[in-house]
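# Notes for the structure review
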Amino acid sequence: MFDIDTLFSAARAARANAYAPYSRFKVGAAVVGASGRIYAGCNVENAAYPQGTCAEAGALCAMAAAGETRILAALVTADAPCVTPCGGCRQKLAEFGGPATPVHCADLEKIVATFSLQDLLPHAFAPDHPRADAGR
Ligand code: THU
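Let us look at the structure shown here. (Residues numbered from 1 in each chain as written. Predicted model: local features only at pLDDT ≥ 70, side-chain atom pairs only at ≥ 80, totals over all residues. Heavy atoms only, no water.)

The environment of the ligand is formed by S23, F25, V27, N43, E45, C54, A55, E56, T84, P85 and C86. A55 places a main-chain nitrogen or oxygen 2.9 Å from an oxygen atom of the ligand. The separation between an oxygen atom of the ligand and a polar side-chain atom of E56 is 2.6 Å. Considered class by class, the residues forming the shell around the ligand number six nonpolar, three polar and two charged. (Near = heavy atom within 4 Å. Polar contact = N/O pair within 3.5 Å; in protein donor to acceptor, adjacent residues only side chain to side chain. Nonpolar A, V, L, I, M, F, W, Y, C, P; charged D, E, K, R; others polar.)

In structure tokens form, the structure reads like this:
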């Protein structure tokens with residue numbers, strides 16, 4: 001359905017464009033939509049630090065803008081032994097994936113670990129939560 005090397009390449013290419021002048025920690029992420037299309041993002045920091053956004057958020061925004069709302073897999077890459085999504089991004093990924101959706105964590109050369117969304121965010125407040133759609 002999708003090629004993991006293509007997913008990795010997309011995340012790595014996005015990482016090259018990361019705007020991280022404050023942390024100097026560049027991150028790339030890519031997600032696979034239900035269509036098989038791949039969407040990538042990078043972290044985009046801001047002088048007002050809390051306004052910075054993570055790579056995963058960028059990838060999910062690109063997917064939503066293209067009209068997709070389900071992910072089959074995600075990959076995050078950075079120059080680190082094993083970068084894992086922050087808590088907020090785990091929640092963002094859970095919005096569009098399921099408990100078994102794989103999240104691949106990679107350094108710049110290889111996937112170092114793979115976790116399911118269930119591993120990363122147990123007991124998630126998910127879209128199927130009885131109250132999650134109360135305001136829709
Ligand atoms: N960051 C991401 O983009 N994704 C992650 O999975 C971990 C952290 C970014 C946020 C910030 O721009 C920088 O990395 C340092 O925390």
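Our next topic: the sheet that holds strand 1 (residues 27-33). Sheet architecture is open: five strands sit in the order 2-1-3-4-5, paired in mixed fashion. In the strand order of this sheet, the two ends are held by strand 2 (38-42) and strand 5 (111-116), each with one partner. Averaged over all adjacent pairs, the angle separating strand axes in this sheet is 20°, with direction ignored. Here seven bridges tie strand 1 to strand 3 (residues 71-78), and the two strands are oriented antiparallel to one another. Residue pairing across strands places G28 opposite T77, the latter belonging to strand 3. (Pairing = 2+ DSSP bridges. Helix = DSSP H or I, 4+ residues; strand = E, 2+ residues; numbered from the N terminus. Axes fitted to C-alpha atoms, helices over the stretch in contact; angles between N-to-C directions.)

A separate point is the side chain of T77. Within the secondary structure, T77 sits in strand 3. Given a relative accessible area of 0%, T77 falls into the buried group. Separated by 2.7 Å, the side chain of T77 and the backbone oxygen of D107 make a polar contact. With residues near it in sequence (within four places) discarded, T77 still touches F8, A11, R12, R15, K26, V27, G28, V83, A106, D107 and L108. (Buried < 20%, exposed > 50% of the residue type's maximum accessible area, 1.4 Å probe, protein only. Contact = heavy atoms within 4.5 Å.)

Let us now look at a nonpolar patch on the surface. Nonpolar side chains collect at one region of the surface, where Y19, Y22, V44 and Y49 lie side by side and expose about 440 Å² of accessible area between them. Structurally, the position occupied by Y19 is in the loop between helix 1 (4-16) and strand 1. (Patch = residues over 30% accessible without salt bridge, like charges linked within 9 Å, V, L, I, M, F, W, Y side chains within 5 Å. Areas by Shrake-Rupley, 256 points an atom, 1.4 Å probe, with all protein chains shown as cover. Salt bridge = Lys/Arg side-chain N within 4 Å of Asp/Glu carboxyl O.)

So, about unusual backbone geometry. Positioned with a positive phi, R24 is a non-glycine residue whose angle comes to about 60°. Here R24 lies in the loop between helix 1 and strand 1. A positive phi angle, near 60°, is found at H123, a position not held by glycine. Looking at where H123 falls in the secondary structure, it is placed in the segment after helix 4 (117-120).

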